[in-house]
Amino acid sequence: MTADPAPAAAGAAGVLPLDAEALYAELRRAVQALLASGPQPTHLVGVVSGGAWLAARLHRELGLPGAPGVIAATLHRDDYAQRGLAPAAAQTHLPFEVEGAHVLLIDDVLYTGRTLRAVLNELFDYGRPASVRLAVLVDRGGRELPVAADAAAVRLPLPAHQSFELVQDADGRFGFVLLDRAASRLG
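Keep in mind that what you see is a predicted model, and the values were worked out from it rather than measured.

Trainee: Mind laying out helix H4 (residues 114-125), listing which residues take part and the relevant values?
Mentor: Because an α-helix completes one turn every 3.6 residues, residues spaced three or four positions apart along the sequence face the same direction. Here H4 is twelve residues long and its end C-alpha atoms lie 17 Å apart, about the 16 Å a rise of 1.5 Å per residue gives. Of the positions making up H4, those classed as buried are Leu116, Ala118, Val119, Glu122 and Leu123. For H4, the buried positions fall inside an angular range of 160° around the axis, keeping them on one side. Considering only its buried residues, H4 is in contact with strand E2 (42-47), strand E3 (69-71), strand E4 (102-110) and strand E5 (131-139). Taken from the residues just after H4, Gly127 is the one with a positive phi, measuring 145°.

What follows is the structure, encoded as structure tokens:
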């Protein structure tokens, strides 16, 4: 279920030479397995913004009933003072009763675990779910909190000065952009 690419996959700043669509296909298989083996019904909830894109596409392609949820971590982040408020489009919308629900969170990149901590706090503001599981497209390691994904399409450690983000083109296809904070400080 998890691929481990060669460390050379994380090159200089720019386009990350990983096939985001192939990773999405792996994530889709993992989510199907989690849904088949887990309690029913399970609601997909995507973390703003890349996770929300993934959840919407998974929900549609898997033919799940209802609509996927979207959850924003903005108000519960421990770096709220630096980041500020998210745009109105990046707000939480959970089209189901959270109390007693089974939730499968979908995120694009799992790194320190701090976003997931904030997401869980936000989720519990809406009620107490019966269970919460996590599926991510990329687990890049570097955990600062005891958070683990139930499924990850790939595990790809990156140096702390690098990060990557999921992008979506007009046709809904996914790609990655690699960001290098060290290079941006120098230039």
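What follows picks up the thread again.
Trainee: Could you give an account of the sheet that holds E3, naming the residues involved and the relevant values?
Mentor: Pairing in this open sheet of five strands is parallel, and the strands run E3-E2-E4-E5-E6 from one edge to the other. Edge positions in the sheet fall to E3 and strand E6 (151-155), since each of these pairs with one other strand and no more. Each strand of the sheet is rotated relative to its neighbour by a mean of 25°, with strand direction disregarded. Pairing of E2 with E4 involves five bridges; the strand directions are parallel. Within the sheet, the bridge partner assigned to Gly46 lies in E4 and is Ile106. In the packing of helix H1 (residues 20-37) onto the sheet, the strands contacted are E2, E4, E5 and E6, and the crossing angle to E5 comes to about 165°. Set on the sheet, helix H2 (residues 50-61) makes contact with E2, E3, E4 and E5; between it and E2 the angle comes to about 145°.

Conventions used here
Residues numbered from 1 in each chain as written. Predicted model: local features only at pLDDT ≥ 70, side-chain atom pairs only at ≥ 80, totals over all residues. Heavy atoms only, no water. Helix = DSSP H or I, 4+ residues; strand = E, 2+ residues; numbered from the N terminus. Expected span 1.5 Å × (residues − 1). Buried < 20%, exposed > 50% of the residue type's maximum accessible area, 1.4 Å probe, protein only. Arc of directions from axis to C-beta. Contact = heavy atoms within 4.5 Å. Pairing = 2+ DSSP bridges. Axes fitted to C-alpha atoms, helices over the stretch in contact; angles between N-to-C directions.

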